[in-house]
Amino acid sequence: VLAVPVLFKQALENTETEEGKSLSLRCELSKADATVVWKKGEAALQASAKYEMKQKGTVAELVIHNAEPEDA
């Protein structure tokens, strides 16, 4: 059985926010509930008070709380 690759139906877009505010990044995948790993450079982000990961169906979302310049 061949596995069908998961593709981006809607890719991430550049988003700006003010320092100290929350920021939401969203992407849409071709397969519901696919495993998503959010990374900053090569480092995988872990859920914490700063990083909130959500996924519903084909939409994956990363919320960055208290955004700082280092989050760019």
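The name given to the chain in an unreviewed UniProt entry is OBSCN protein, with Caloenas nicobarica as the source organism.

Draft legend 1. Spotlight on the layout of surface pockets. Quantified by volume, the largest pocket comes out at close to 460 Å³. Lining the largest pocket are 23 residues, and of these L23, L25, I64, D71 and A72 lie nearest its centre. Here the residues of the lining of the largest pocket are counted per class, giving 11 nonpolar, 4 polar and 8 charged.

Draft legend 2. Representation of the environment of A60 in the model. Structurally, the position occupied by A60 is in strand β6 (residues 59-64). Sequence separation of A60 and V37 is 23 residues, and the distance between their C-alpha atoms is 9.7 Å. Ignoring sequence-local partners within four residues, the contact set of A60 consists of L25, R26, C27, V36, W38, K54 and Q55.

What counts and how
Residues numbered from 1 in each chain as written. Predicted model: local features only at pLDDT ≥ 70, side-chain atom pairs only at ≥ 80, totals over all residues. Heavy atoms only, no water. 1 Å grid on protein atoms, 1.4 Å probe; cavity = no way out; pocket = protein on both sides within 12 Å on 5 of 7 lines; lining within 4 Å. Points joined across faces, edges and corners; volume = space filled by probe spheres on them. Nonpolar A, V, L, I, M, F, W, Y, C, P; charged D, E, K, R; others polar. Helix = DSSP H or I, 4+ residues; strand = E, 2+ residues; numbered from the N terminus. Contact = heavy atoms within 4.5 Å.

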